[in-house]
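Results of the structural survey
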Amino acid sequence: MHILVTGGAGYIGSHTCILLIEAGYDVIVFDNFSNASKESIKRVEKIVGEEITLIEGDIRNRDDLHNVFNMYKIDAVIHFAGLKAVGESVEKPLKYYDNNIHGTIVLCEVMAEHHCKSIVFSSSATVYGDPHTTPIKENFPLSATNPYGRSKLFIEEMLRDLYISDNAWKVVLLRYFNPVGAHTSGTIGEDPYGIPNNLMPFIAQTAVGTREYLSVFGDDYDTHDGTGVRDYLHVMDLADGHVKALDKINNFNEVITINLGTGTGYSVLDMVKAFEKASGKQVPYKIAPRRAGDIAKCFADATYAKEILGWEATRSIDEMCQDSWRWQSNNPNGYKKED
Ligand code: NAD
Ligand code: UD1
């Protein structure tokens, strides 16, 4: 089976390619490299021991997509391609709506023209807004507080409408909690451009000495130590969730929406301690004001994923930190040194 992986050179896409290939799928990576390096795919090729078809193109460009669908008989799409920086989305909303929403519209139109109607979409726990309670179930009310989140919410709705219009579509919406960690080889991982917005890459860069200290955004939340609590999930567990979604996609006769998280919440200070233990390095930190738009607690009820996909996260917080550290310490400049 040929699987088109949009955004396949990025953080989650590159890890997912490994498990797809190991599961016997034929992978075609499609990426415009707006937030990725070709080096990530070269390294995936080393891990899996085979060449990967890599096509440079933009999901907003109909011709780019038609070329791929004309070249290969694509059976399903895993759709990672998207912009994901919350702060930038507030400053440049149209860029996010164009890339994420318009890009998904063009992708779905081209898929339909080529009779490929199976899609696994990267959604996010951000669609729950500020949840009234935790753990979060899939049927909780949805809302968005920024253009990035709204683009995810809107794409979810769009894909539901598409299914209503034509039941031949197979749609799986995966709502990720907080992906962290890296492949155990230490050769691929998260490589954010500039100053990381997310906690784990910031901690890793502080441990390796690229950043002086971590600012802990708020210590007065209603949590066990006052700092924000999130559901950190190993990226290889997340990758496995995609393979399981694809394995089962033809069994589904409705749009399936699934939380992918561990079901356990850790605070910022829990993560700092775990990282120090895994790396043997100090992670200096200072308490700073709350970050605008942040919520106190966000963690999944992950029971539906187990029920419907037979998936559950298996990797511990120690493994997440060890694998992040292996990647960060082996590649202090990310993929750049070999670009
Ligand atoms: P990433 O930026 O590493 O990967 C996204 C990839 O898409 C990049 O390789 C980028 O070059 C590519 N891309 C972007 N726009 C494109 C376009 N128009 N055409 C072709 N390629 C394009 O991000 P990631 O962390 O791997 O996230 C993958 C997906 O999962 C995204 O849709 C993101 O919104 C979603 N998600 C991520 C997280 C997270 O914490 N990382 C959480 C929830 C959801
Ligand atoms: C952020 C995004 C969310 C996105 C998710 C995964 C915001 C407001 N939300 O969520 O839309 O889906 O990433 O990509 O950006 N923290 C610090 N210091 C730091 C960085 C983070 O204390 O330098 C804290 C945060 O306040 C939070 C926790 O660490 O409590 C996790 O932050 P982060 O990794 O940015 O993820 P989210 O806030 O869950």
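Residues numbered from 1 in each chain as written. Chains lettered and ligands numbered in written order. Predicted model: local features only at pLDDT ≥ 70, side-chain atom pairs only at ≥ 80, totals over all residues. Heavy atoms only, no water.

**Details of the overall build of the protein chain**
- Tallying secondary structure elements over the protein chain gives eleven helices and 14 strands in all.
- Relative to the 2.2 N^0.38 estimate, which gives 20 Å for 339 residues, the radius of gyration of the protein chain is 19 Å and therefore close to what a compact globule would have.
- Expressed along its principal axes, the backbone C-alpha trace of the protein chain runs to roughly 55 × 45 × 40 Å.
- Within the protein chain, the fraction of its 339 residues that count as buried is 55%.
- Within the protein chain, counting contacts between residues at least 6 apart in sequence, those at least 24 apart form 80% of the total. (Helix = DSSP H or I, 4+ residues; strand = E, 2+ residues; numbered from the N terminus. Rg over C-alpha atoms; globule rule 2.2 N^0.38 Å. Buried < 20%, exposed > 50% of the residue type's maximum accessible area, 1.4 Å probe, protein only. Contact = heavy atoms within 4.5 Å.)

**Notes on the site of ligand 1**
- Contacts to ligand 1 come from 27 residues, most closely from Ile12, Asp31, Asn35, Lys84 and Tyr148.
- Asp58 has a polar side-chain atom sitting 3.1 Å from a nitrogen atom of ligand 1.
- With respect to ligand 1, the side chain of Tyr148 contributes an N or O atom lying 2.8 Å from an oxygen atom.
- Among the elements of the structure, α1 (11–22), β5 (118–124) and α6 (147–165) are those that each provide at least two residues to the shell around ligand 1.
- Considering each element in turn, the shell around ligand 1 owes the most residues, three residues, to β5.
- Here the residues of the shell around ligand 1 sort into eleven nonpolar, eleven polar and five charged. (Near = heavy atom within 4 Å. Polar contact = N/O pair within 3.5 Å; in protein donor to acceptor, adjacent residues only side chain to side chain. Nonpolar A, V, L, I, M, F, W, Y, C, P; charged D, E, K, R; others polar.)

**Some thoughts on the sheet that holds β5**
- If you walk across this open sheet you meet the seven strands as β3-β2-β1-β4-β5-β6-β11, and the pairing is parallel. Every other strand in the sheet has two partners, leaving β3 (53–56) and β11 (256–260) as the edge strands with one partner each. Along the sheet, successive strands turn relative to each other by an average axial angle of 20°, direction set aside.
- Relative to strand β6 (residues 170–176), β5 runs parallel, the two being bridged by seven bridges. Paired with Ser118 across the bridge in β6 is Lys170.
- Running over the sheet, helix α3 (residues 62–71) touches β1 (2–6), β2 (26–31), β3 and β4 (74–79) and is turned about 170° from β2. (Pairing = 2+ DSSP bridges. Axes fitted to C-alpha atoms, helices over the stretch in contact; angles between N-to-C directions.)

**Side note on the pattern of salt bridges**
- All told, the structure shown has 21 salt bridges when counted by the stated rule.
- The residue Arg60 makes a salt bridge to Asp98 at a minimum N-O spacing of 2.8 Å. Taken together, the positions of Arg60 in the loop between β3 and α3 and Asp98 in helix α5 (residues 93–113) put the pair 38 residues apart, joining distant regions of the chain.
- Of the charged contacts, one joins Glu88 and Lys95 as a salt bridge, the two residues approaching to 3.0 Å between their closest N and O atoms.
- In this structure Glu88 comes out as partly exposed when scored by relative accessible area, which is 24%. (Salt bridge = Lys/Arg side-chain N within 4 Å of Asp/Glu carboxyl O.)

**Topic: the packing of helix α7 (residues 199–207) against helix α11 (residues 317–330)**
- One way to put it is that α7 packs onto α11 with a least axis distance of 10 Å and a crossing angle of 55°. By the criterion of interaxial angle, the relationship of α7 to α11 is oblique. Of the two elements, α7 crosses α11, and the hand of that crossing is right-handed. Only Met320, Cys321, Ser324, Trp325 and Gln328 of α11 make contact with α7, whose side of the interface consists of Met200, Ala204, Gln205 and Ala207.
- Each residue belonging to the contact of α7 with α11 can be placed in one class, and the counts come to six nonpolar, three polar and no charged. (Parallel < 35°, antiparallel > 145°, perpendicular 65-115°, else oblique. Left-handed = near helix turned anticlockwise from the far one by under 90°.)

**Some points on the environment of Arg230**
- Its location among the elements puts Arg230 in strand β9 (residues 229–230).
- By relative accessible area, which is 14% here, Arg230 ends up buried.
- A distance of 3.1 Å separates a polar atom in the side chain of Arg230 from the backbone oxygen of Ile295.

**A look at the side chain of Ser89**
- Within the secondary structure, Ser89 is located in helix α4 (residues 86–91).
- Ser89 sits in the buried class, given a relative accessible area of 0%.
- In terms of polar contacts, Ser89 uses its side chain to reach the backbone amide nitrogen of Tyr148, at 3.0 Å.
- Setting aside residues up to four positions removed in sequence, Ser89 forms contacts with Tyr96, Asn146, Pro147 and Tyr148.

**A few points about the packing of α3 against α5**
- Between α3 and α5, the shortest axis-to-axis distance is 10 Å and the interhelical angle comes to 35°. In this structure, the crossing between α3 and α5 has a hand that is right-handed. Note on element contacts: α5 touches α3 through Val106, Leu107, Glu109, Val110, Met111 and Glu113, opposite Arg62, Leu65, His66 and Phe69.
- A breakdown of the residues in the contact of α3 with α5 according to their chemical character gives six nonpolar, one polar and three charged.

**Observations regarding the layout of surface pockets**
- Counted as a void, the second largest pocket has a volume near 230 Å³.
- Lining the second largest pocket are 22 residues, and of these Glu190, Asp191, Pro192, Gln205 and Gln328 lie nearest its centre.
- Elements supplying a minimum of two residues to the lining of the second largest pocket: α7 and α11.
- Residue contributions to the lining of the second largest pocket peak at four residues, all from α7.
- Of the residues belonging to the lining of the second largest pocket, the class tally is nine nonpolar, nine polar and four charged. (1 Å grid on protein atoms, 1.4 Å probe; cavity = no way out; pocket = protein on both sides within 12 Å on 5 of 7 lines; lining within 4 Å. Points joined across faces, edges and corners; volume = space filled by probe spheres on them.)

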